[in-house]
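# Descriptive structure summary
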Amino acid sequence: MAIFDIKKLLQSVVAHGASDLHLVSRSEPQIRLDGALKPVNLPKLTGEDIEEMCYSMITEKQKQHFEEYGELDFALELPKIGRFRANYYRTLGDMAAAFRIIPIEVPSLDDLGAPPVFKHLIKREKGLILVTGPTGSGKSTTLAALLNEINETEQKHIITVEDPVEFIHQNKKSVFSHRGVGEDTRSFATALKYALRQDPDIILIGEMRDKETIEAALTAAETGHLVFGTLHTSSAPGTINRIIDVFTGDEQPQIRAMISTSLVAVISQALLPKIGGGRVAAHEIMVTNHAIANLIREDKVHQIYSQMQLGQGDTGMQTQTQALLKYVKEGKVARDIALQFSNKPEELSKALGSLY
């Protein structure tokens, strides 16, 4: 018998307000609280303990997939407890697992304290909006809040393509078609190819992993759809370069032209521990204007950052340095934490120096 019930363990993780649960052999269970891992006061686990607990949560088909590939990604809903994104894997021959908590209640932009410009961006009829950042930086939560705002205010058909499906939206004014890769569709690229025949207004792509998916996303954005996507990049210029670099040299001029006309905005975010507990998101926001579109087309992406510093009047643009500086000034984030998370620590250090 397993030494404890996995459902009770997940229930206590939700009750603690943690974001993740880790089960790794030769260690007690660990939870991530405000970004830091903390051990749970329970005995150390063996591979057999983990296997017994984790196999109780999946189907025979999922078990076969895991035994064949050594990896399994899926979403899990436990009534009255919560929804989870789970990943099973092997470490030194033993089974291990990571569970990410997905709130059942979809947050609003106001709940997140999101910048006002977010509500303007989602009014666009077409184009590509990218939310980027490292794993665990709250990209899925920001995207869910953006779609929730549309759901509250507009009558749209929204198709989400995710691996696995995370937030489940209840239809309010809009209608959602949630599609899980591996369950409802073969791949992101396949789902996007057919999405255009499903009369969508808005498409969410959980991850823009490969050339085919990126190309399909740009095409959808150009043909009158509002497309949301994510990438694991930490700045707006870095995001644009990442997309362009997926393509070969002779394809790049055409892709730059497509990005320059279809990219609406890049929101790059990091989640920082707050003074006194909890976490806060720092956003770098680039909104494509005429000058930025020209820089993308002319292969001068390295000049975008200075345009972001200049063009802030009505656009709502901000650099990450400005977001971090504001949090330090307001006493929300410690100076050393802001520097630790900064993309440009020298620039931030200089700006912070002028405060003291």
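The structure we're discussing is the one just above.
This write-up is about the structure you can find in this document. Being a predicted model, the structure only gives us computed values, none of them experimental.

### A look at helix α11 (residues 290-297)
Restricting attention to buried positions, one finds in α11 the residues Ile292, Ala293, Leu295 and Ile296. On an axial view of α11, the arc spanned by its buried residues comes to 160 degrees, and they lie on one face. Its buried side turned inward, α11 meets α9 (236-245), α10 (252-262), β12 (263-273), β13 (279-287) and α12 (304-310). Backbone geometry just downstream of α11 places Asp299 in the positive-phi region, at approximately 60 degrees.

### What about the environment of Ile267?
For Ile267, the position within the fold is in strand β12. On the accessibility criterion, Ile267 (0% relative accessible area) is buried. Excluding residues within four positions of it along the chain, Ile267 makes contact with Phe118, Leu121, Ile129, Leu130, Val131, Thr132, His283 and Glu284.

### Section: the side chain of Thr239
Position of Thr239 among the secondary structure elements: in helix α9. Polar side-chain contacts of Thr239 include one of 2.6 Å to the side chain of Thr233. Excluding anything up to four places from it in sequence, Thr239 contacts Leu130, Thr132, Leu231, Thr233, Val266 and Ser268.

### Some details on a negative patch on the surface
A cluster of acidic side chains, namely Glu48, Glu51, Glu60 and Glu67, defines a negative patch on the protein surface. Going through the elements one at a time, α2 (47-55) and α3 (60-69) are the ones with two or more residues in the negative patch. Mapped onto the elements of the fold, Glu67 is located in helix α3.

### Details of unusual backbone geometry
Residue Pro164 is reached from Asp163 by a cis peptide bond, and omega for that bond is -5 degrees. For Pro164, the location among the structural elements is in the loop between β8 (157-162) and β9 (175-180). The phi dihedral of Arg26 falls on the positive side, at around 70 degrees, and the residue is not glycine. On the secondary structure map, Arg26 appears in the loop between β1 (20-23) and β2 (30-33). Since its relative accessible area comes to 48%, Arg26 is described here as partly exposed. Its identity is not glycine, yet Asp34 carries a phi of approximately 50 degrees, on the positive side. With respect to the element layout, Asp34 can be found in the loop between β2 and β3 (36-39).

### A word on the nonpolar core
One finds Phe228, Leu263, Met286 and Ile304 to be the most contacted residues of the largest nonpolar core, which totals 60 residues. Apart from residues no more than four positions distant in its own chain, Leu263 is found in contact with Leu128, Leu130, Ile240, Met286, Thr288 and Ile296. The next biggest cluster of nonpolar side chains, apart from the first, holds 30 residues, and it includes Leu9, Ile50, Tyr55 and Leu78.

### Here we look at the packing of helix α8 (residues 211-222) against α10
Between α8 and α10, whose axes approach to 10 Å, the crossing angle comes to 45 degrees. The angle between the axes of α8 and α10 places the two elements in the oblique class. Considering how the two elements wind past one another, α8 and α10 form a crossing that is left-handed. Judged by residue contacts, Leu218, Thr219, Ala221 and Glu222 of α8 engage Ile255, Met258, Ile259, Thr261 and Ser262 from α10. When the residues that make up the contact of α8 with α10 are grouped by side-chain class, the tally is five nonpolar, three polar and one charged.

### Points about the packing of α10 against α11
Between two packed helices, what matters for the description is the angle formed by their axes and the separation of those axes. Contact geometry for α10 and α11: axes closest at 8 Å, N-to-C directions at 170 degrees. When the axis of α10 is compared with that of α11, the two are roughly antiparallel. Contact with α10, carried on its side by Arg256, Ile259 and Ser260, involves Ala293, Ile296 and Arg297 of α11 and no other residues of that element. Considered class by class, the residues forming the contact of α10 with α11 number three nonpolar, one polar and two charged.

### Section: the environment of Met258
The residue Met258 is located in helix α10 in this model. Owing to a relative accessible area of 9%, Met258 belongs among the buried residues under this scheme. For the pair formed by Met258 and Glu51, sequence separation is 207 residues and the distance between their alpha carbons is 48 Å. Ignoring anything within four residues of it in the chain, the contact list for Met258 reads Leu218, Thr219 and Glu222.

Criteria and cut-off values
- Residues numbered from 1 in each chain as written.
- Predicted model: local features only at pLDDT ≥ 70, side-chain atom pairs only at ≥ 80, totals over all residues.
- Heavy atoms only, no water.
- Buried < 20%, exposed > 50% of the residue type's maximum accessible area, 1.4 Å probe, protein only.
- Helix = DSSP H or I, 4+ residues; strand = E, 2+ residues; numbered from the N terminus.
- Arc of directions from axis to C-beta.
- Contact = heavy atoms within 4.5 Å.
- Polar contact = N/O pair within 3.5 Å; in protein donor to acceptor, adjacent residues only side chain to side chain.
- Patch = residues over 30% accessible without salt bridge, like charges linked within 9 Å, V, L, I, M, F, W, Y side chains within 5 Å.
- Areas by Shrake-Rupley, 256 points an atom, 1.4 Å probe, with all protein chains shown as cover.
- Salt bridge = Lys/Arg side-chain N within 4 Å of Asp/Glu carboxyl O.
- Lys, Arg positive; Asp, Glu negative; His and termini not counted.
- Charge placed at Lys NZ, Arg CZ, Asp CG, Glu CD.
- Core = buried A, V, L, I, M, F, W, Y, C linked by side-chain atoms within 4.5 Å.
- Axes fitted to C-alpha atoms, helices over the stretch in contact; angles between N-to-C directions.
- Parallel < 35°, antiparallel > 145°, perpendicular 65-115°, else oblique.
- Left-handed = near helix turned anticlockwise from the far one by under 90°.
- Nonpolar A, V, L, I, M, F, W, Y, C, P; charged D, E, K, R; others polar.

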